[in-house]
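# Structural features, examined
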Amino acid sequence: MKLNSDLTKDKNLLRSLNFVILGISFGVVFFNVTQGSPIAGLAKNVGFGDFLYGLMLALPVLGGVMQVFASYFLEKNRKRKKIFLISGIFHRIPWIFIAFLPLLFNKGSYILLFLLIFLMTFASISSSFTNVAFWSWMGDLIPEQIRGRFFGRRATIFTIVGMITGLAIGRFLDTHNNLYGFMIIFIFAAIMGLFDILAFIFVDDIPMKQQKENLDIVNMFKATLKNNSFKHFMIFFVLWNFGLNVAGPYFNMYMIKDLKMSYFNIIFYTQIISNLATIITIPYVGKIVDRIGNRPMLLLSSSLLCFVPILWCFTNAHNYKYLIAIISILAGILWPIMDMGNNNLILKLSDSNQKSMYVASINLFNAVFGNAIPVILGGFFIEHIAPYIIILFEKVNLHFVNYHMAFLLSGILRFFSMLYLKNKVNEPGAKSLRNEIRNRLSK
């Protein structure tokens, strides 16, 4: 799907933006497999419990601490297209080896766990270079006045392709729910991920802005923390992701273990319904973000998303179809707003002279405090603390399972991070969503 000329009449820019979208059309398969229900299904099939599953996901994320060094290397080397392509390929290839490992070792083997963590960490470190290069590159490639609409259209393509491929993958895993089935899916995902990276060969390599002073990694890092607007946004971003990831990886395990859902149903109810809601609403969201700013929309979406994990606590094997459908509609409308607002604010609040270091700094703190730590704590909480809380609820005749306690905790933590956003984060030029609605209604 090509972008229309209402975004830009610059043919070279239009061609580059089309290849960026083509890349995500392949990349959605890679990300949905390596971050969605298939990775949870693989962990279950190799005999990992919630805590080991959490370790498997969390420790590789610590590779994100390399983003500061990746940013420094990028600013010194200044060849971000080359860095993006090479590191992107190294990010995808390890998943081919990951696909074969479960066939070579016994279920629940700590050697298998170690090798999976090693390969996923290598991929994560490579992704650090890919990530800083991508956002620095896109920050210079995409004019600020069209970013909301561009990322909105990119999200639309992401969701459409994700729907089609997600259903096919879900049906395949239901009929081949064994290690060989997972091997095929992960190899296919890795190949699609490589196509994603290779599409960027045809994207214009915008020259990086020249630094006014000698590069010093310590001073570059300190500069990001001295930018108060960015620092407050970064604190919100990390707090929000902490609340999200205490429970985030375990929704798939809950659906597989407690709700006994098939992979097809998991993908249908959590991705397809959600994606349809996204496709319907995202074109309007991008325009609204461009018009009134990112913070007002972030505040709206985060306020509502606080309640979504609590809704999960009322699901069971008999009613999940209705409740998860409602949850997915809300997610399909609200999560693209969160993602778009966060991405735009990272770019907008960054110093244009060292944008990659700003991206690296926020991802470094988020990798440790927003991802790795809460994922591990979530697994430990579910296995060792939640059972005692459930006993207390049983005394007042309320019946929950271990995962529900993590979902409840997630909602509470999200609420407090939303309050921080409201009180501490500012965006230059942003308008009031309330005033915008009043103006529209008065016309």
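The structure under discussion appears in the preceding block.
In what follows, the accompanying structure is described. (Residues numbered from 1 in each chain as written. Predicted model: local features only at pLDDT ≥ 70, side-chain atom pairs only at ≥ 80, totals over all residues. Heavy atoms only, no water.)

## Some remarks on the overall build of the chain
Defined as follows: Helix and strand definitions here come from DSSP, where helices need a minimum of 4 consecutive H or I residues and strands a minimum of 2 consecutive E residues; each element is numbered from the N-terminal end. With C-alpha atoms as the basis for the radius of gyration, the globule rule is written as 2.2 Å multiplied by the number of residues raised to the power 0.38. Categorising residues by exposure relies on relative accessible area from a 1.4 Å probe, with only protein chains included: less than 20% of the type maximum marks a residue as buried, more than 50% marks it as exposed, and the intermediate range marks it as partly exposed. Here, residues are in contact when the closest pair of their heavy atoms is within 4.5 Å.
The helix and strand inventory of the chain stands at 19 helices and 0 strands. Against the globule reference of 22 Å for 443 residues, the chain gives a C-alpha radius of gyration of 21 Å, in line with a compact fold. If you line up the chain on its principal axes, its C-alpha atoms span 60 × 55 × 40 Å. Expressed as a percentage of the 443 residues in the chain, the buried residues total 55%. Partitioning the intrachain contacts of the chain with sequence separation of at least 6 by distance along the chain shows that 86% fall at a separation of at least 24.

## With respect to the side chain of asparagine 366
Relative to the assigned elements, asparagine 366 resides in helix 17 (residues 355-395). Not counting residues within four places of it along the chain, the set of residues in contact with asparagine 366 comprises Phe237, Val238, Asn241 and Asn371.

## A closer look at the packing of aromatic side chains
Counted only if it meets this: Side-chain rings of Phe, Tyr and Trp (the six-membered ring for Trp) are treated as a pair once their centres are within 6.5 Å; stacked means planes under 30 degrees apart, edge-to-face means over 60, and tilted covers the remaining angles. Working rule: Lys NZ or Arg CZ, within 6 Å of ring centre, within 35 degrees of ring normal, means a charge sits over the ring.
Scanning all chains against the criterion turns up 34 aromatic pairs. Their ring planes at 35° and their centres at 6.2 Å tell us that phenylalanine 84 and phenylalanine 134 sit as a pair that is tilted. Taken together, the residues phenylalanine 84 in helix 5 (residues 80-92) and phenylalanine 134 in helix 7 (residues 110-141) connect sequence positions 50 residues apart. On the basis of relative accessible area, phenylalanine 84 is assigned to the buried category, the value being 3%. By relative accessible area, which is 8% here, phenylalanine 134 ends up buried. Aromatic side chains phenylalanine 251 and tryptophan 312 sit 5.0 Å apart centroid to centroid with 50° between the ring planes, which places their arrangement in the tilted category. Taken as a pair, phenylalanine 251 in helix 12 (residues 250-257) and tryptophan 312 in helix 15 (residues 308-312) lie far apart in primary sequence, 61 residues in all. The residues phenylalanine 251 and tryptophan 312 share a single accessibility class, namely buried. Here the aromatic residues Phe84, Phe134, Trp135, Trp137, Phe150, Phe151 and Phe200 are joined through ring pairs into a cluster of three or more. The ring of phenylalanine 30 has arginine 92 lying over it, and the distance from NZ or CZ to the ring centre is 4.7 Å. Here arginine 171 stacks its cationic end above the ring of phenylalanine 264, 4.1 Å away from the centre of that ring.

## Here's the deal with the nonpolar core
Rules: Residue types Ala, Val, Leu, Ile, Met, Phe, Trp, Tyr and Cys, when buried and joined through side-chain atoms within 4.5 Å, form a set referred to as a nonpolar core.
One finds Met56 and Phe233 to be the most contacted residues of the largest nonpolar core, which totals 132 residues. The leading source of residues in this core is helix 7, at 15 residues. When near neighbours in sequence (up to four residues on either side) are disregarded, phenylalanine 233 contacts Leu298, Asn342, Leu345, Ile346, Leu349, Ile362 and Val425.

## Topic: the state of the cysteines
Threshold: The rule for a disulfide is simple: a pair of cysteine sulfur atoms within 2.5 Å.
Going through the model one piece at a time under the given rule, you end up with 0 disulfides. Residue cysteine 313 stays outside any disulfide, its sulfur separated by 14 Å from that of cysteine 306, the closest cysteine.

## Brief notes about the environment of isoleucine 191
Mapped onto the fold, isoleucine 191 is located in helix 9 (residues 179-198). A relative accessible area of 35% places isoleucine 191 in the partly exposed class. When the C-alpha atoms of isoleucine 191 and glutamine 271 are compared, they prove to be 22 Å apart, with 80 residues separating the residues in sequence.

## Digging into the pattern of salt bridges
Basically, it comes down to this: Criterion for a salt bridge: a side-chain nitrogen of Lys or Arg within 4 Å of a carboxyl oxygen of Asp or Glu.
Throughout the structure, instances matching the rule amount to 5 salt bridges. Between arginine 80 and aspartate 140 there is a salt bridge whose closest N-O contact spans 2.8 Å. Of the two residues, arginine 80 sits in helix 5 while aspartate 140 sits in helix 7, which places them 60 residues apart along the sequence. Given the relative accessible area of 1%, arginine 80 is considered buried. Overall, aspartate 140 belongs to the partly exposed group, its relative accessible area being 25%. Across the salt bridge formed by lysine 348 and glutamate 427, the nearest N and O atoms sit 3.0 Å from each other. One end of the pair, lysine 348, is in helix 16 (residues 320-348); the other, glutamate 427, is in the loop between helix 18 (402-424) and helix 19 (433-442), and 79 residues separate them in sequence. We classify glutamate 427 as buried; its relative accessible area is 9%.

## A short note on the packing of helix 8 (residues 147-175) against helix 13 (residues 263-292)
Note the following rule: Think of each axis as a best-fit line through the C-alpha atoms, taken over the contacting stretch in the case of a helix, with angles from 0 to 180 degrees between the N-to-C directions. Under this scheme an angle from 65 to 115 degrees is roughly perpendicular, one under 35 degrees roughly parallel, and one over 145 degrees roughly antiparallel; angles in between are oblique. When residues are sorted by character, Ala, Val, Leu, Ile, Met, Phe, Trp, Tyr, Cys and Pro go into the nonpolar class, Asp, Glu, Lys and Arg into the charged class, and all the rest, Gly among them, into the polar class.
It is at 8 Å that the axes of helix 8 and helix 13 come closest, and there the two elements cross at 170°. One finds that helix 8 runs roughly antiparallel with respect to helix 13. In terms of residue class, the contact of helix 8 with helix 13 is built from 14 nonpolar, 11 polar and 6 charged.

## So, the environment of leucine 14
Position of leucine 14 among the secondary structure elements: in helix 1 (residues 11-35). Judged by relative accessible area, leucine 14 falls into the buried class, the value being 18%. With 185 residues separating them along the chain, leucine 14 and alanine 199 place their C-alpha atoms 14 Å apart.

## Some remarks on helix 12
Within helix 12, 7 of the 8 residues are buried, which leaves the element mostly enclosed by the surrounding structure. When we look at burial in helix 12, the residues that qualify are Tyr250, Phe251, Asn252, Met253, Tyr254, Met255 and Ile256.

## A short note on the environment of tyrosine 110
Following the sequence through the fold, tyrosine 110 ends up in helix 7. Accessibility expressed as a relative area gives 63% for tyrosine 110, which makes it exposed. Distance from tyrosine 110 to aspartate 10, taken between C-alpha atoms, is 54 Å for residues 100 residues apart in sequence.

## Regarding helix 5
Along an α-helix, residues three or four apart share an orientation, since each turn contains 3.6 residues. Condition: Multiplying 1.5 Å by the helix residue count minus one yields the expected span of that helix.
Along its 13 residues, helix 5 runs 18 Å from first to last C-alpha, staying within 8% of the 18 Å computed at 1.5 Å per residue. Check the buried side of helix 5 and you find it contacts helix 1, helix 4 (67-77), helix 6 (94-100), helix 7 and helix 9.

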